[in-house]
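Each chain, written out:
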Amino acid sequence: MKKVHIVDDESLVIRVLKRALEKEGYSVRESRNGEDALNAIKIEVPDVLITDVQMPKMDGIELCERIKLEIPKREFLLVVSTSRPEDEIRKRAKKIGNIVFLEKPVSIRKLVGLLESHFLKQKVV
Amino acid sequence: MIDLTRTSRETTQRYEVILSLVFSVAIGLSAFFYIQYQMDKEREDLHLKGQSLVHLVSEIPLDTLVLPDKQAYFYKLLTEINGKGFFAYASVVSSNGNILVSLFQRDPLSTIPKFDISSDSSNKSIQNFTFNGRKIVEFQSRVNAVSEKEQYIRMAYYISGYKDFFEQRAGLSLAIFLLVLAPLVFAFLQNQLLAPFWDMKLSIEKSVNKSKLEGTHSDGKIKKFTAEYNEDLDNRISKIERRDLLTANKILSYKQLRTEAIIQSFPEGLLVLDDSGDAVVTNRALEKWFDLESKQIIGSKSRDWCQEKEVVSFLSRFETSSSSGYTSDTMTYTPENYSGKTLEVSVHPLFAEKLDSLAAGKLVTFIDKTDEEVAKKTRAEFVAHVSHELKTPLNVLSMYSEALQDDEDESKEFRVEAINAIRDEVERLATLINNLLSLTQIEMGGVGINRQRVRLNELLTDAFDNVSKSGLGKDLRFELDIQRELTPVLIDKGLFRIAINNLLTNAIKYNENGGLVSLSASETEDAIVIVIKDSGIGIKDDEKDKIFNKFYRSDEESVRKRNGHGLGLPLAQEIIQLHHGNIQVEDAPGGGSIFTIKILRETGIFKQAV
């Protein structure tokens with residue numbers, strides 16, 4: 001079972017996403033901010049990390065930067081859900097590499113499709 | 001050789017004399033005819049009056065005429081006709097001219113001319129005689145007496161001559177005399193006044209034409225006058241030239257000083273480089289930026305005085321007279337000594353306006369763009385925040401509606417959960433949009449404040465009841481304590497209600513189960529004081545200022561687990577400040593927060609203004 005870690009400070013988002021992804025057969029963990037997420041994934045590495053950008057304590061991009069720094073061999077996909085990927089965020093994300101942006105409002109269908117496609121590619125490779 | 005100038009002068013003078021004589025004669029003749037006319041008129045008048053009077057007197061009985069008490073009356077009557085000085089005599093005579101009674105005689109010693117009336121075949125009642133060496137006119141009339149004898153009244157008056165005329169009209173005589181003389185006098189004076197100018201003209205023409213006059217007629221006086229006049233003219237011209245030069249210098253100096261003042265007073269840094277890149281002009285703002293004096297900059301290249309490598313590198317491109325040195329360019333940098341600042345450096349070639357091929361160096365401006373950058377950054381952050389706050393509830397709405405759409409066999413519990421979530425998010429979105437709009441409008445000054453005199457008791461009670469009964473704080477206790485009579489204040493009801501609502505909503509949101517929300521209002525001399533208290537999670541000391549910043553929300557879990565946008569308090573503060581008030585926050589004893597609002601009453605506003 002593929003593991004998905006959702007990071008968002010909105011409890012409703014986590015709730016609906018978790019439900020949808022669990023229905024698709026994914027195992028879902030959640031965190032309410034970047035700091036908690038970083039600590040959690042060091043213990044249990046996910047296959048996909050889906051994170052919001054604006055969060056307390058540590059925002060989503062900083063989380064990704066810290067992941068790159070502290071988990072250099074990470075192979076899992078980073079999905080960033082954002083209102084509008086501004087230039088500044090894009091610049092920072094480019095340096096991290098292997099990041100997918102999903103613009104809000106996020107479509108669950110799209111997200112599920114994205115994950116399926118990703119895992120399929122992995123299988124082929 | 002004929003001296004035309006001299007001839008023309010004499011001719012002119014001759015004409016002037018003739019003309020003035022003609023005028024004098026004309027005036028004299030006019031005066032003569034006028035006098036003659038007046039004298040004839042007087043004579044005619046005398047004849048008429050004399051005839052009437054003599055007939056009148058002849059009707060009066062003789063014995064009445066000679067009465068002593070009537071004498072004065074008759075005398076007056078006789079003399080008034082032509083003035084006392086002209087009356088000669090009045091007597092009663094027989095038909096052969098013998099004087100029977102001498103009634104009145106001006107000069108008693110003179111003998112009245114004898115005249116035999118009966119032998120006069122002309123039968124005229126007017127005769128002309130000579131009496132006392134002067135001509136007289138005598139009026140005769142037969143006395144209308146009862147007696148059979150013929151008796152006649154003889155009344156005589158002197159005829160006035162030129163001497164009498166002039167004696168009687170002295171003023172007129174003098175005026176006529178002066179008028180006759182005036183042209184002659186005028187001609188004489190004019191001649192005298194113009195004489196030196198004629199002489200000067202003669203002298204100038206002599207020297208211009210280089211003509212030789214036979215025996216110089218210009219004497220030392222004219223020469224001296226001309227010389228002095230020329231010298232005076234030269235002096236005046238020199239003075240004017242000097243004054244013009246002085247004025248031009250003053251104007252130039254003033255313009256220069258004014259330009260200098262403009263440069264020095266300019267709020268941004270200014271630097272002028274010559275073709276070789278040496279500084280020729282600086283101003284105070286620039287010197288302040290680099291903490292240097294003008295003498296340390298003037299005459300040097302940027303590498304000699306500027307510590308900022310970026311600036312030196314940028315300006316070095318323009319330290320040349322080649323065409324590349326005459327372009328414009330701009331760069332921004334952060335000064336080493338002012339890390340929070342952003343400076344924009346621009347270079348512009350200077351050209352002389354009237355000779356645009358003539359380069360006059362380069363103008364370098366140093367403009368502080370910090371505020372602009374901060375504003376830009378703030379705007380960008382605001383847009384990012386708004387975007388996030390709007391899209392987050394949309395995100396939830398989208399996900400839930402998608403989930404409902406896709407799954408036909410959703411459980412009832414999920415449906416209820418979805419519907420509630422959708423409803424909550426819609427409300428959240430609506431609140432956000434309203435708060436955003438109000439805030440933006442207030443800040444842009446677009447909100448039309450509709451102030452009315454409002455009794456805050458009612459407004460506060462109403463707002464409190466709405467919130468307390470809304471069901472938001474089911475497990476909370478609500479307390480209201482408003483002073484009975486509060487002085488009405490001028491507020492915008494709608495806006496003020498939003499502010500109170502936001503504070504009450506926060507008091508509920510950030511509270512704990514079984515907690516308390518209270519609202520109290522009282523009045524001081526200058527202000528209405530409103531206090532909203534809660535027994536909730538409280539606010540950390542270092543966040544008490546930040547909570548009034550737009551979109552700020554604490555990172556604390558206790559805050560984050562509760563929905564919010566971070567706009568409620570900033571909006572409340574803006575509204576209160578708009579109403580001449582302020583809001584402060586402090587910790588409530590035993591936990592929670594106290595928000596105190598002070599709205600100045602009119603006396604307070606007045607005091608503050610004074």
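Starting afresh in each chain, residues are numbered from 1 along the sequence in its written order. Throughout, the order in which chains and ligands are written sets their labels, letters from A for the former and numbers from 1 for the latter. Two thresholds apply to this predicted model, a pLDDT of at least 70 for residue-level local features and 80 or more for giving and counting side-chain atom pairs, whereas whole-chain, interface and lining totals are computed over all residues. Calculation of side-chain values draws on the structure's entire complement of heavy atoms; hydrogens and water are dropped beforehand.

**Student:** So what exactly am I meant to see when it comes to the nonpolar core here?
**Tutor:** Here is a general trend for soluble globular proteins: nonpolar side chains tend to be buried in one another's company. Only buried residues count toward a nonpolar core, which is a set of Ala, Val, Leu, Ile, Met, Phe, Trp, Tyr and Cys residues joined through side-chain atoms within 4.5 Å. Categorising residues by exposure relies on relative accessible area from a 1.4 Å probe, with only protein chains included: less than 20% of the type maximum marks a residue as buried, more than 50% marks it as exposed, and the intermediate range marks it as partly exposed. If you look at the biggest cluster of nonpolar residues, it comprises 46 residues, and the most contacted ones within it are Leu456, Leu460, Ile500, Ile530 and Phe595 of chain B. Counting residues per element, this core draws most heavily on helix H14 (residues 493-509) of chain B, which supplies 8 residues. The next biggest cluster of nonpolar side chains, apart from the first, holds 29 residues, and it includes Val28, Ile108 and Val112 of chain A together with Phe414 of chain B. Strands are runs of DSSP state E lasting at least two residues, helices are runs of H or I lasting at least four, and both sets are numbered from the N terminus onward.

**Student:** Help me understand the pairing of strand S3 (residues 48-52) of chain A, please; the structure alone is not making it clear to me.
**Tutor:** If a strand is regular, its side chains alternate between the two faces of the sheet. All names here are of chain A. Counting buried residues along S3, 5 of its 5 residues qualify, which places the element largely inside the surrounding structure. Both faces of S3 are covered, namely the face carrying Val48, Ile50 and Asp52 and the face carrying Leu49 and Thr51. Note on pairing: two strands pair once DSSP finds at least 2 bridges between them. Here strand S1 (residues 3-7) runs beside S3; their pairing, made up of 4 bridges, is parallel. Looking at S3, one finds that Val4 is bridged to Val48. Where S3 and strand S4 (residues 77-82) come together, 5 bridges link them in parallel fashion. When the sheet's bridge partners are listed, Leu49 is paired in S4 with Leu78. The β-α-β motif built from S3, the intervening helix H3 (residues 60-70) and the parallel element S4 has right-handed crossover chirality. The handedness rule is simple: strands pointing away from the viewer, and a clockwise path from the first strand over the helix to the second, make the crossover right-handed.

**Student:** So what exactly am I meant to see when it comes to helix H3 (residues 68-80) of chain B here?
**Tutor:** The α-helix advances 3.6 residues per turn, and as a result positions three or four apart in sequence lie on the same side. Residues and elements named next belong to chain B. Expected span of a helix, by definition, is 1.5 Å for each gap between consecutive residues, and there is one gap fewer than residues. For H3, with 13 residues, the first-to-last C-alpha span of 19 Å sits near the 18 Å given by 1.5 Å per residue. For H3, the set of buried residues is Phe74, Leu78 and Thr79. Looking down the long axis of H3, one finds its buried residues gathered within 125 degrees of arc, a one-sided arrangement. Facing away from the buried side of H3 by more than 90 degrees, the exposed set consists of Asp69, Ala72, Tyr73, Lys76 and Glu80. Working note: the arc is built from the helix axis to C-beta atom directions.

**Student:** It is not clear to me how the packing of aromatic side chains should be interpreted in this structure. Could you clarify?
**Tutor:** Each aromatic ring pair is described using two quantities: the centre-to-centre distance and the angle formed by the ring planes. Two rings belonging to Phe, Tyr or Trp (six-membered ring only in the last case) form a pair when the distance between their centres is within 6.5 Å. Interplanar angles under 30 degrees mark stacking, angles over 60 mark edge-to-face geometry, and anything in between is tilted. Overall, the coordinates contain 15 aromatic pairs over all chains when judged by the stated rule. Each ring, one from Phe290 of chain B and one from Phe366 of chain B, has its centre 5.4 Å from the other, and the planes form 85 degrees; the classification is edge-to-face. A residue pair is termed long-range when its members are at least 10 positions apart, and Phe290 of chain B in helix H7 (residues 284-290) and Phe366 of chain B in strand S10 (residues 359-368) qualify at 76 residues. Here the aromatic cluster, defined as three or more aromatic residues joined through ring pairs, consists of Phe32, Phe33 and Tyr162 of chain B. Should the NZ of a Lys or the CZ of an Arg lie within 6 Å of a ring centre and within 35 degrees of the ring normal, that charge is described as sitting over the ring. The positively charged end of Arg19 of chain A is found above the aromatic ring belonging to Phe414 of chain B, 3.5 Å away from the centroid. The residue whose ring lies beneath Arg134 of chain B is Tyr158 of chain B, and the NZ or CZ to ring-centre distance is 4.5 Å.

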